[in-house]
Amino acid sequence: MRSAVVADVEPIAELRATVMRADLERLGRYDEHRVRQRLRDSFSPRYTSIIMIDRELVGCVTIRPADGRQWLEHFYLAPHRQGQGLGSAVLRTVLERTDAQGMTVGLNVLQGSAARRLYERHGFVVEAQDPIDVFMMRPPGTVCA
């Protein structure tokens, strides 16, 4: 992983659009412009790491402090890199850091997203949900399944 730079915003916006399309379409929420603009509006190189394999940008993850916890945001992996253990490896690295800080981690995932199983395996539990989003949290030091 490497630190993000401002120039990463467009490749990440494209990655987000690709990764989230099926779930957003299933929920009737896909908008080709909005899916990219939401990333542009909230992109923070300061809190974002870029996942690289063989000089290829294959993903990203943001961990941002807010409201007394760390928020896991913009965690995307290129479809051809999913299902190979990379997401678990990145998530373990992030959670080791937040555990060392004694911080709770929060996130939201779309209803019906396969990513929810990844988060549950790493100790996240549902805090709240609505028809679109599932809000999850993980206290520091939670044992993973």
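The present account deals with the structure reproduced in this document. Owing to the predicted nature of the structure, the values given are computational and were not obtained by experimental measurement. (Residues numbered from 1 in each chain as written. Predicted model: local features only at pLDDT ≥ 70, side-chain atom pairs only at ≥ 80, totals over all residues. Heavy atoms only, no water.)

### Points about the overall build of the protein
For step 1, the next point in the chain: From N to C terminus, the protein includes four helices and seven strands.
For step 2, the next point in the chain: Counting helices and strands in the order they occur from the N terminus, the protein gives β-α-α-β-β-β-α-β-α-β-β.
For step 3, the next point in the chain: Its C-alpha atoms give the protein principal-axis dimensions of about 35 × 35 × 30 Å.
For step 4, the next point in the chain: Here the protein holds 145 residues, and 45% of them are scored as buried. (Helix = DSSP H or I, 4+ residues; strand = E, 2+ residues; numbered from the N terminus. Buried < 20%, exposed > 50% of the residue type's maximum accessible area, 1.4 Å probe, protein only.)

### What about helix α2 (residues 32–42)?
For step 1, the next point in the chain: Within α2, burial applies to V35, R36 and L39. For α2, the angular spread of buried residues about the axis comes to 90°, placing them on one side. Seen from the buried face of α2, the exposed residues on the opposite side, beyond 90 degrees, are H33 and D41.
For step 2, the next point in the chain: Turning to α2, the residues buried within the fold contact α1 (9–26) and β4 (69–77). (Arc of directions from axis to C-beta. Contact = heavy atoms within 4.5 Å.)

### Section: the pairing of strand β6 (residues 125–129)
For step 1, the next point in the chain: As judged from the four bridges shared by β6 and strand β7 (residues 133–138), these two strands associate in the antiparallel manner. Note that in β7 the partner of Q129 across the bridge is V134.
For step 2, the next point in the chain: Counting the residues in the hairpin turn of β6 and β7 gives three residues. (Pairing = 2+ DSSP bridges.)

### Some remarks on α1
Because each turn of an α-helix spans 3.6 residues, side chains separated by three or four positions end up pointing in the same direction.
For step 1, the next point in the chain: Taking 1.5 Å as the rise per residue, α1 with 18 residues should run 26 Å; its terminal C-alpha atoms sit 26 Å apart, in good agreement.
For step 2, the next point in the chain: The sharpest bend along α1 measures roughly 50° and falls at M20.
For step 3, the next point in the chain: Among the residues of α1, those classed as buried are V9, I12, A13, L15, R16, A17, M20, D23 and L24.
For step 4, the next point in the chain: Packing partners of the buried residues in α1 comprise α2, β2 (48–53), β3 (56–66), β4 and β5 (105–110).
For step 5, the next point in the chain: Following α1 by one or two positions, G28 has its phi on the positive side, about 70°. (Expected span 1.5 Å × (residues − 1). Bend = angle between axes of the 7 residues up to and from the residue.)

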